[in-house]
Amino acid sequence: MAHQPLDDLELETLESFLESDQVHEECQNFVMTHGFLTALSICPVSTAEEKWLPVIFEDTPKFENEKQEKQILQYLSRLFIDIQKELESEDGFMIPCELEMGQSPEELSELQEWASGFMEGVFMTESAWFESEKEEVVAELLLPIMVASDLFDDEEVIEIRASEKLTNSCIAQIPDVLTDLFLVLRTEPEKRPFPKPQHRAQGNKNKKKGAKKS
């Protein structure tokens, strides 16, 4: 049976469930889940569903019945495939939120939540992202997502975040960065774009902060 992308009603159902009282308070919301699954889709090493589902949910949801459980798990599996197919296409990748930062440190934008979810996917599969020959270019490409995620206190990230102009310029690159990361990590060497790094993202990871459900 051919894969059927999630339609608007199915996406709305999934989004509502991930925001409901049926899930743990630290469960990823929809945009965080999308970012998390995007990172796992880019990673060259596959992660089994039984490993990534618990990361999304944090704890077993209180499903109403077996029918709802089957539905939600199927929607998440299909979302994962949708993201993979979009990355493989030549149409460009769409982030499911506006490319903008929150107005205050206490109020994260959806982009910041998406980027936090993405970086959680990177942390989960870190060794596969930073092979010796790719480490520098991958770190360079990850910089805009690191800036958006609000998880890092690297000097370079702090410097960019101190300037609204630099921050906006940086986060505007994220859709193109995702395509480049996919090409670097998932395609043959002769097809990989290896840009000359202008920055050096050290990947100094702090404990996740502020990644709360909206």
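The present account deals with the structure reproduced in this document. Worth saying up front: this structure is predicted, and the values here are computed from it rather than measured.

On the surface, Asp7, Asp8, Glu12, Glu15, Glu98, Glu100 and Glu110 cluster together into a patch of negative charge. Tallying contributions element by element places helix α1 (residues 8–18) first for the negative patch, with three residues.

Once that is clear, we can look at the nonpolar core. Within the largest apolar cluster, 60 residues are counted, with the highest numbers of intra-cluster contacts made by Phe57, Trp114, Phe118, Trp129, Leu142, Ile145 and Leu181. Considering each element in turn, this core owes the most residues, nine residues, to helix α7 (residues 135–149). Look past the residues within four positions of Phe57 in its chain and what remains in contact with it is Phe17, Leu18, His24, Cys27, Phe63, Ile72, Leu73 and Leu76.

Our focus in this paragraph is the pattern of salt bridges. Counted according to the given criterion, the structure contains two salt bridges. For the salt bridge of Glu10 with Arg78, the shortest nitrogen-to-oxygen distance reads 2.9 Å. Residue Glu10 is located in helix α1, and its partner Arg78 is located in helix α4 (residues 66–88); the two are separated by 68 residues in the primary sequence. Comparing Glu10 with Arg78, the two get one shared label, buried.

Any two packed helices are characterised by the angle at which their axes cross and by the distance between the axes. Packing of α7 against helix α9 (residues 164–171) brings their axes to within 8 Å, and their N-to-C directions diverge by 125°. Viewed along their axes, α7 and α9 adopt a mutual orientation that is oblique. Of the two elements, α7 crosses α9, and the hand of that crossing is left-handed. Contact with α7, carried on its side by Pro144, Val147 and Ala148, involves Thr167, Cys170 and Ile171 of α9 and no other residues of that element. When its residues are assigned to classes, the contact of α7 with α9 shows five nonpolar, one polar and no charged.

Parameters and conventions
- In this numbering scheme, every chain counts its residues from 1 along its sequence in written order.
- For this predicted model, a pLDDT threshold of at least 70 governs which residues receive local features, and a threshold of 80 or more governs which side-chain atom pairs are given and counted, while totals over whole chains, interfaces and linings are taken from all residues.
- To get the side-chain values, take all heavy atoms of the structure and skip hydrogens and water.
- Excluding any residue in a salt bridge, patches collect residues exceeding 30% relative accessible area, merging like charges within 9 Å and nonpolar Val, Leu, Ile, Met, Phe, Trp and Tyr side chains within 5 Å.
- Residue burial considers only the protein chains on display, and all accessible areas are found by Shrake-Rupley using a 1.4 Å probe.
- By definition, a salt bridge exists where a carboxyl oxygen of Asp or Glu is found within 4 Å of a side-chain nitrogen of Lys or Arg.
- His is not counted, nor are the chain ends, whereas Lys and Arg count as positive and Asp and Glu as negative.
- Every charge is mapped onto a representative atom, which is NZ of Lys, CZ of Arg, CG of Asp or CD of Glu.
- Helix and strand definitions here come from DSSP, where helices need a minimum of 4 consecutive H or I residues and strands a minimum of 2 consecutive E residues; each element is numbered from the N-terminal end.
- By nonpolar core we mean a set of buried residues, namely Ala, Val, Leu, Ile, Met, Phe, Trp, Tyr and Cys, connected to one another through side-chain atoms within 4.5 Å.
- The rule is simple: take the accessible area with a 1.4 Å probe, protein chains only, and divide by the maximum for that residue type; under 20% is buried, over 50% is exposed, in between is partly exposed.
- Contacts are assigned to residue pairs that have any heavy atoms within 4.5 Å of one another.
- Angles here are taken between N-to-C directions and fall from 0 to 180 degrees, while the axes themselves are lines fitted to C-alpha atoms, restricted in helices to the stretch in contact.
- Roughly parallel here means an angle under 35 degrees, roughly antiparallel means over 145, roughly perpendicular means 65 to 115, and every remaining angle is called oblique.
- It is the rotation of the near helix from the far one that decides the hand of a crossing: anticlockwise by less than a right angle makes it left-handed, clockwise makes it right-handed.
- Each residue is assigned to one class: nonpolar for Ala, Val, Leu, Ile, Met, Phe, Trp, Tyr, Cys and Pro, charged for Asp, Glu, Lys and Arg, and polar for all the others, Gly among them.

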